[in-house]
Amino acid sequence: MQAVFRFFDTNQKVDYKSEILSGMTVALALVPEAIAFALIAGLSPLTGLYAAFSMGLITSILGGRPGMISGATGAIAVVIVALAKSHGVEYIFGAVVLAGLIQILAGVFRLGKFIRLVPHPVMFGFVNGLAIVIFMAQLDQFKGADGSWLSGMPMMMMMGLVLLTMLIIWGLPKLTKVVPASLTAILVISAIAIGFNLDTKTVGDIASISGGFPPFHIPAIPFTMETLQVILPYSFVIAGVGLIESLLTLNLIDEITETRGDGNRECVAQGIANTVTGLFSGMGGCAMIGQSLINISAGARARLSGIVASLLLLCFIMFGAPLIEQLPMAALTGLMIMVSIGTFEWASLRTFGKMPPHDVVVMILVTLITVFLHNLALAVLVGVIISALSFSWENAKRIRARKYVDDKGIKHYEVYGPLFFGSTTAFNDKFDVQNDPEHVIIDFYESRVADMSGIEALNKITQRYRKAGKTVQLRHLDTRCRKLLAKADNLVDLDIIEGGKIKDPRVTFDIVEEEQ
């Protein structure tokens with residue numbers, strides 16, 4: 001029973017007023033985004049709304065980050081649009097169910113910890129790119145049905161309402177924090193637009209949100225290997241994109257709230273949510289950074305806000321569609337623009353000239369890929385690869401050796417820095433095999449052999465000394481290196497016997513017993 005209580009965080013203090021009001025704000029902001037993402041994927045608006053409901057509810061209850069909001073997202077919509085066009089919506093549902101199962105396995109095998117490998121410049125680029133994408137998405141609200149920009153009085157009215165929304169969100173917290181500024185702005189602008197019968201774009205102009213409870217529906221696809229071959233690549237991409245965006249959003253919320261979420265638990269929750277969503281006519285989804293920031297900035301810190309938002313969204317679909325469809329898009333546009341401004345890491349602009357050049361390049365590149373390709377997984381992957389290569393290059397240059405000859409005529413090479421695939425060439429260049437004396441000691445007290453490339457470098461240098469008829473002694477190799485040597489017994493020309501001794505009398509090991 002105690003485990004159950006811990007699972008649902010019953011010890012967490014809950015500010016019910018903040019949670020409920022934050023949930024109301026998020027529910028209102030979810031409507032146009034869910035509709036827009038469904039239309040991007042070429043699906044019915046209800047598939048996006050159903051996904052926002054089921055994803056939000058399940059992850060709020062089971063997820064690893066209280067206060068984080070999940071739903072239908074643009075990242076998932078971009079992935080599934082090709083499948084929707086080629087095979088139809090039923091294959092989308094099947095791919096989402098399979099993606100959910102993959103995410104559950106990722107959580108069970110505790111793969112969420114690998115999000116720690118994402119460097120800070122990649123986080124900066126990810127957040128800045130998303131902020132720009134959120135802002136650019138709002139520009140469509142300043143266009144007419146034919147895609148051309150509004151002009152004259154419609155443009156002035158739209159601009160005025162948007163700016164008034166932003167002013168309320170910015171200024172109200174300076175006066176009072178009794179009610180969330182975002183919810184107040186939506187209600188005030190809606191009252192003005194409806195009360196004065198202003199001719200401005202509303203939620204209903206985008207699409208109708210009227211519907212019933214999400215219907216249970218097993219995807220109507222053939223359960224064959226051919227079908228699996230079609231949906232499996234999409235499922236892996238959906239799972240990967242969803243987990244990357246969710247875990248990065250989790251890290252961002254952790255930093256804002258100065259608390260720590262559970263990445264592996266979030267992976268499982270995202271998987272369960274996507275599996276259920278695919279079975280209840282939803283398009284799938286993941287964590288939503290914009291809605292999460294709205295929720296956190298409104299004061300929410302517990303699971304209740306996400307549950308409230310999801311249940312209210314369902315009520316809107318089933319009972320409140322005529323009222324919600326009257327909300328002016330200007331209010332929601334102003335809210336999302338303020339979210340984009342708050343999301344952007346303005347401090348990152350001050351890092352130019354202060355951060356290492358390769359970190360600046362990574363940050364800019366991740367931002368550009370996010371903005372122009374709308375592929376968060378690719379952006380993060382490219383950023384991590386470039387950062388890893390930069391790190392390897394910098395460490396490869398740090399391999400060095402201190403050389404001296406002792407009073408017995410033995411030459412010592414004291415190696416400093418890691419010996420791995422990037423530093424093997426520099427390592428081999430340190431030795432003067434032809435001119436060295438008959439006995440050489442290579443000391444690894446300040447170095448570590450990291451991989452098989454390092455082992456092969458040891459093999460080559462000992463072979464060079466062996467061919468020259470000289471004795472080389474490798475000293476202070478740690479336990480991990482000895483294990484690598486044991487595994488490489490058939491790959492390198494070293495005959496290891498118990499105790500770390502080498503049968504070839506000209507190549508011997510001195511092993512220190514303690515790990516360093």
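Notes on the structure in this doc start here.

Procedures and definitions
- Residues numbered from 1 in each chain as written.
- Predicted model: local features only at pLDDT ≥ 70, side-chain atom pairs only at ≥ 80, totals over all residues.
- Heavy atoms only, no water.
- Helix = DSSP H or I, 4+ residues; strand = E, 2+ residues; numbered from the N terminus.
- Expected span 1.5 Å × (residues − 1).
- Phe/Tyr/Trp six-rings, centres within 6.5 Å; stacked < 30°, edge-to-face > 60°.
- Buried < 20%, exposed > 50% of the residue type's maximum accessible area, 1.4 Å probe, protein only.
- Lys NZ or Arg CZ within 6 Å of the ring centre and 35° of its normal.
- Axes fitted to C-alpha atoms, helices over the stretch in contact; angles between N-to-C directions.
- Parallel < 35°, antiparallel > 145°, perpendicular 65-115°, else oblique.
- Contact = heavy atoms within 4.5 Å.
- Nonpolar A, V, L, I, M, F, W, Y, C, P; charged D, E, K, R; others polar.

What follows is about helix H10 (residues 225-257). Taking 1.5 Å of rise per residue, 33 residues should cover 48 Å, and H10 covers 46 Å from first to last C-alpha, within 8% of that figure. Of the residues flanking the end of H10, it is Glu258, one or two places downstream, whose phi is positive at about 55°.

Inspection of the entire model under this criterion finds eight aromatic pairs. Centre to centre, the rings of Tyr413 and Phe431 are 4.5 Å apart; their planes meet at 50°, and the pair counts as tilted. With Tyr413 in strand S4 (residues 411-416) and Phe431 in the loop between helix H18 (424-428) and strand S5 (439-446), this residue pair connects regions lying 18 residues apart in the sequence. Each member of the pair, Tyr413 as well as Phe431, is classed as buried. Taken together, a centroid distance of 5.1 Å and an interplanar angle of 85° make the contact between Phe420 and Phe421 edge-to-face. A residue is classified by how much of its surface remains accessible, and Phe421, at 49% relative accessible area, is partly exposed. Grouping aromatic residues by their ring pairs yields a cluster made of Tyr413, Phe427, Phe431, Phe444 and Tyr465. Taking NZ or CZ as reference, Lys143 lies 4.9 Å from the ring centre of Trp149, over its face.

On the secondary structure map, Met159 appears in helix H7 (residues 152-175). With a relative accessible area of 36%, Met159 lands in the partly exposed category. Separated by 175 residues in sequence, Met159 and Gly334 have C-alpha atoms that sit 9.2 Å apart.

Running from N to C, helix H2 (residues 16-40) and helix H15 (residues 329-343) point in directions that differ by 100°, and their axes come no closer than 10 Å. Between H2 and H15, the angle falls in the class roughly perpendicular. Contacts between H2 and H15 involve Leu28, Ala29, Pro32 and Glu33 from the first element and Met329, Leu332, Leu335 and Met336 from the second. Class assignment of the residues belonging to the contact of H2 with H15 gives a composition of seven nonpolar, no polar and one charged.

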